[in-house]
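For reference, the chains in residue letters:
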Amino acid sequence: VQLQASGGGSVQAGGSLRLSCEASGRVDSIRAMAWYRQAPGKQRELVAQVTSGGTTNYGDSVKGRFTISRDTAKNTVYLHLNGLKPDDTAVYYCKTDHLGTTGWLYYWGQGTLVTVSS
């Protein structure tokens, strides 16, 4: 499985971005797609997740500002970032959860940097 993330960049506070992550390879076993982020000196944290059934889950710090969506036909997950704050500055990673015959497998993308200036 390969995950190709894109869409990061530099914006001013209050601005918006859209991140994309396209999965290729064994996409038939995907059960959830998610975005995580890691700021300098901090642990990686969940930003948002969407399951194959369409259920979404958000980290508390982004609720009401970020929206996750998925295009199943394109095997792509999007993260719409609105109302960006300097605290949102981080490397954003996409992750896929797969259920196979041997159990759960997890894959990570390479990360895309989001920088928010005040």
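Keep in mind that what you see is a predicted model, and the values were worked out from it rather than measured. (Residues numbered from 1 in each chain as written. Predicted model: local features only at pLDDT ≥ 70, side-chain atom pairs only at ≥ 80, totals over all residues. Heavy atoms only, no water.)

So, about a nonpolar patch on the surface. Nonpolar side chains collect at one region of the surface, where Leu99, Trp104, Tyr106 and Trp108 lie side by side and expose about 430 Å² of accessible area between them. Of all the elements, strand S10 (residues 103-108) adds the most residues to the nonpolar patch, at three residues. Positionally, Trp104 belongs in strand S10. (Patch = residues over 30% accessible without salt bridge, like charges linked within 9 Å, V, L, I, M, F, W, Y side chains within 5 Å. Areas by Shrake-Rupley, 256 points an atom, 1.4 Å probe, with all protein chains shown as cover. Salt bridge = Lys/Arg side-chain N within 4 Å of Asp/Glu carboxyl O. Helix = DSSP H or I, 4+ residues; strand = E, 2+ residues; numbered from the N terminus.)

Bringing the pattern of salt bridges into the picture now. According to the stated counting rule, one finds six salt bridges in the structure shown. Taking the shortest distance from any N to any O, the salt bridge between Glu45 and Arg37 comes out at 2.7 Å. According to the relative accessible area criterion, Glu45 is partly exposed, its value standing at 34%. Exposure remark for Arg37: the relative accessible area of 6% places this residue in the buried category. (Buried < 20%, exposed > 50% of the residue type's maximum accessible area, 1.4 Å probe, protein only.)

Let's shift gears to the pairing of strand S5 (residues 45-51). Bridge count between strand S4 (residues 30-38) and S5: six bridges; the pairing is antiparallel. When the bridges of S5 are listed, Tyr36 appears paired with Leu46. Count of turn residues in the S4/S5 antiparallel hairpin: six residues, of which Gly41 carries a positive phi of about 80 degrees. Pairing between S5 and strand S6 (residues 56-58): three bridges, direction antiparallel. The residue bridging Ala48 from the neighbouring strand is Tyr58, located in S6. Between S5 and the antiparallel strand that follows it, S6, lie four residues; Gly54 among them carries a positive phi value of about 95 degrees. (Pairing = 2+ DSSP bridges.)

What follows is about the nonpolar core. Ranked by size, the top nonpolar core spans 27 residues in total, and within it Trp35, Val47, Phe66, Ile68, Leu79 and Tyr92 carry the most contacts. Breaking this core down by element, the ones donating at least two residues are strand S1 (2-6), strand S3 (17-24), S4, S5, strand S7 (66-71), strand S8 (76-81), strand S9 (90-100) and strand S11 (112-117). It is S3 that provides the largest number of residues to this core, a total of four residues. (Core = buried A, V, L, I, M, F, W, Y, C linked by side-chain atoms within 4.5 Å.)

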